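# Summary of structural features
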Amino acid sequence: MSALVKVDFDTWQALQQLYSDYAAAVDSGQWELWPEFFTADGVYKLQPRENHERGFPLSTLAFDSQAMLRDRVYGIQETLFHDPYYQRHVVGAPVVREVDVQGRWHCEANYAVFRTKLDGASSVFNVGRYLDIVVNTPQGFKFAQRLCIYDSEMIPNSIIYPI
């Protein structure tokens, strides 16, 4: 694990806001907000820890543009049929691991997602960590890359909503 990188308070606050706003958006069911957290060529992957640690590219979900994320939103809203559920993210504070020569922040944060089906109790749905590359744009901080590395190889038979 690399050493912590010191950042000024305004940057840390903006990163914290990005992470909090992301969780609030995907928990609210306002799926059209999700792609707006990414750059036009932003990458989003949901990948098991074992594959990530071994350098295997196979991901459960993989999107490499904001347009692909919008397509997923369309699928969630219009074409996917599933037993509806609510989800709730609990996200740790982002830790800046590196600021690269291009001025991009490489951040990490632990997450837990709980799922509540309309007719049942809440349960732990997915747990892992985000490995992100964040960039500053004229619209504020956005994800250039979000890797959701989940710990368990056992996942529900379908993951509909963003993690």
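Up top is the structure.
The text that follows walks through the structure, step by step, so that each part is easy to find. Only a predicted model underlies this, so the values are computations on that prediction, with no experimental measurement involved.

What follows is about the environment of Asn136. In this fold, Asn136 is placed in strand β6 (residues 122-137). Accessibility expressed as a relative area gives 54% for Asn136, which makes it exposed. Sequence separation between Asn136 and Arg104 is 32 residues; the distance between their C-alpha atoms is 7.6 Å. In this structure, Asn136 is in contact with Trp105 and Phe141, ignoring residues within four places of it in sequence.

Two side chains bearing opposite charge may form a pair once their charged atoms approach each other closely. All chains considered together, the criterion is met by nine salt bridges. Residue Glu50 is joined to Arg54 by a salt bridge in which the shortest nitrogen-to-oxygen separation is 3.2 Å. Here Arg54 and Glu50 lie together in helix α2 (residues 49-54), a separation of four residues that amounts to about one turn. Owing to a relative accessible area of 29%, Glu50 belongs among the partly exposed residues under this scheme. Arg54 gets classed as exposed once you look at its relative accessible area, which sits at 55%.

Note that Gln66 resides in helix α3 (residues 66-79). When its relative accessible area of 11% is taken as the criterion, Gln66 is described as buried. If we ignore the near neighbours within four places in the chain, the residues touching Gln66 are Pro35, Glu36, Phe38, Thr39, Ala40 and Gly42.

How each quantity is defined
Residues numbered from 1 in each chain as written. Predicted model: local features only at pLDDT ≥ 70, side-chain atom pairs only at ≥ 80, totals over all residues. Heavy atoms only, no water. Helix = DSSP H or I, 4+ residues; strand = E, 2+ residues; numbered from the N terminus. Buried < 20%, exposed > 50% of the residue type's maximum accessible area, 1.4 Å probe, protein only. Contact = heavy atoms within 4.5 Å. Salt bridge = Lys/Arg side-chain N within 4 Å of Asp/Glu carboxyl O.

Don't take any of this as a statement about function, it's just geometry.
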